Every structure is written in C-alpha cells, then in structure tokens.
Amino acid sequence: MIQKCTTAIFSPSGHVLVTAHVDGSLATWDVQTGQRLQILEGIPTQEITSLAFAPNGVYVATTTGEQHLNIWNLANGKRLRSLFESKHLSAIFHLYFTSPTTLFTIGSDRQIRFWNLNQGQIESSLEIAEEVLKESSILSHNGKFLLTGNREGELQLWDMQTGKLVYTSIAYPNGEYVTWTPDNYFTSSLYARNHYVYFVSEAEQVSPDYFTEKEHLDALFHPEIIAQRVAPLFE
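Residues numbered from 1 in each chain as written. Predicted model: local features only at pLDDT ≥ 70, side-chain atom pairs only at ≥ 80, totals over all residues. Heavy atoms only, no water.

Chemist: Honestly, the overall build of the chain in this entry has me stumped. Any pointers?
Modeler: A count of helical and extended segments in the chain gives three helices and 18 strands. With 235 residues in all, the chain has 43% of them scored as buried. Considering only contacts within the chain whose residues lie at least 6 apart along the sequence, 32% involve residues at least 24 apart. (Helix = DSSP H or I, 4+ residues; strand = E, 2+ residues; numbered from the N terminus. Buried < 20%, exposed > 50% of the residue type's maximum accessible area, 1.4 Å probe, protein only. Contact = heavy atoms within 4.5 Å.)

Chemist: Before we go on, may I ask you to explain the pattern of salt bridges in this structure?
Modeler: Working definition: two side chains of opposite charge can pair if their charged atoms are close together. Taken as a whole and judged by the stated rule, the model has one salt bridge. In this structure, R229 engages D183 in a salt bridge whose closest nitrogen and oxygen atoms are separated by 2.9 Å. Placement of R229 in helix α3 (residues 223-230) and of D183 in the loop between β17 (177-180) and β18 (186-188) is noted, with a sequence separation of 46 residues between them. Among the residues examined, D183 registers a relative accessible area of 31% and is labelled partly exposed. (Salt bridge = Lys/Arg side-chain N within 4 Å of Asp/Glu carboxyl O.)

Chemist: Which parts of the structure should I look at to understand the layout of surface pockets?
Modeler: The probe, sized like a water molecule, is rolled over the atoms to show the empty space still left. Approximately 390 Å³ is the volume attributed to the largest pocket. The wall of the largest pocket is formed by 20 residues, among which I9, L51, L95, Y96 and S137 lie closest to the centre. Elements with a minimum of two residues in the lining of the largest pocket: β1 (5-10), β5 (48-53), β9 (92-99) and β13 (136-139). Among the residues forming the lining of the largest pocket, the class breakdown is 12 nonpolar, six polar and two charged. (1 Å grid on protein atoms, 1.4 Å probe; cavity = no way out; pocket = protein on both sides within 12 Å on 5 of 7 lines; lining within 4 Å. Points joined across faces, edges and corners; volume = space filled by probe spheres on them. Nonpolar A, V, L, I, M, F, W, Y, C, P; charged D, E, K, R; others polar.)

Chemist: Explain the side chain of N73 here, please?
Modeler: Its place among the elements puts N73 in strand β7 (residues 68-73). According to the relative accessible area criterion, N73 is buried, its value standing at 11%.

Chemist: Which parts of the structure should I look at to understand the packing of aromatic side chains?
Modeler: Centre-to-centre distance and the angle between the planes together describe a pair of aromatic rings. The final tally for this structure, using the stated rule, is three aromatic pairs. Between Y96 and F104, the ring centres sit 5.5 Å apart and the planes meet at 35°, which makes this aromatic pair tilted. Accessibility expressed as a relative area gives 16% for Y96, which makes it buried. Arranged with centres 5.3 Å apart and planes meeting at 65°, the rings of F186 and F221 form a pair that is edge-to-face. (Phe/Tyr/Trp six-rings, centres within 6.5 Å; stacked < 30°, edge-to-face > 60°.)

Dropping the structure here:
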C-alpha cells in the first residue's frame, strides 16, 4: 500500500508524474492513463521532503529531513547515488538541476551549493544575503535567477551568480503593488507611489526628510532601473 504523499513533480515532457511518500519511496505515474508505472523503494526512516527532475527526464533528485541527497535513475528504477549533505547546518529547502549531471541545493544556513553528480562532490558555493524561507521557490528558465515567496506575501528575486537580492515585491488584495531594490529604487501602482514612504524601507536614507514629495519620487521612483537589472532574466 502506498503511503501518504509528501510532494510531487512532473517530468520535463509532462508525460510522467513522480510522487514522494513518507516511507521514503517514490512512485511514477503515466499522466495520460493514470496508471502507476513503478515504485522505487527508499529508506523507510527517510521521509522525502523535496524533488527535482533533471532536464533529460531520466534522473530525479530527492532530499530528506535527515539531510540526505539521493539521485534516482527512472530508467532502471534504481538509486544512482546517495549523498549526505552534512555541510548544511539544517534542512535543505530547495534543489534544482542545471544539467543532467549538475544541481544546486539551498539550505536554511543560507548557502547555495553546486554539486557535480559524476564526482558526488560540491564544486562551489555562495551565501545568500539573507535567509530564504522554505514556503515556495522557482528557478528561471536560464538558471540566472531564483524567485522565492514567504508567508508574509513577499516575493524576492535573487541573482544566482552573486547570491544577492535583486528586488522584493508585495501585492495587496486591492490590486496595489510595490517592488523595490535593496538600494530603495522602486516601481509601484499609483496608490503605493503616492504613499511610497510607507512601503519602501529606510527611504529616508536615500532621500532626506527635507526633500519635497516630488524630489522623493524623482530620486527613487525609477522603474527603468528595475527593468535594467532584471533584463538578463529574459535572455
């Protein structure tokens, strides 16, 4: 009997669904027919917490609460490699393949670690400017940016080459929004623009109190700067 599902992911082709379960096992499913294709037996004490598909659609990476990183070969149903991410001080929140043989992991210690799966070793690492919460994340198509979200409703865009924050964005139920950079340049809806000092943190450090409202806006309201900084996302 299949145990409770903890997470799931579609293959790059969209034809196969992989589900992970509390007993450490994986199951693969034919999306068109709903038929279960195979079960990959894991270690019962290692509940799988996250999944990632390699671009070739053959390899799947899994992480567990015990900080194990496992690579599975769906072609033969076997575990290809098992790694222990002992350098992560706590849980691994995110993992993404950048090629069939390379992936990176993000832990609660704010470290991004890039793995060479052929060697089973960490090739390089970088530190994110602040803690990335585990609620949600997605990697850009070109692997240059990581978008994360948290329970406070903030979206944060990170540069994967430097580990630095590009911008933070908040959307409100009434349709208002504001997006700002670490150096407080921002773009926003009309209401947020007119009241931006309530939204943009430490704005007074960029434009002092004796500035008029127009001078504040001239100093900080620059959508073109934000567009310039995210332009590599679309390359």
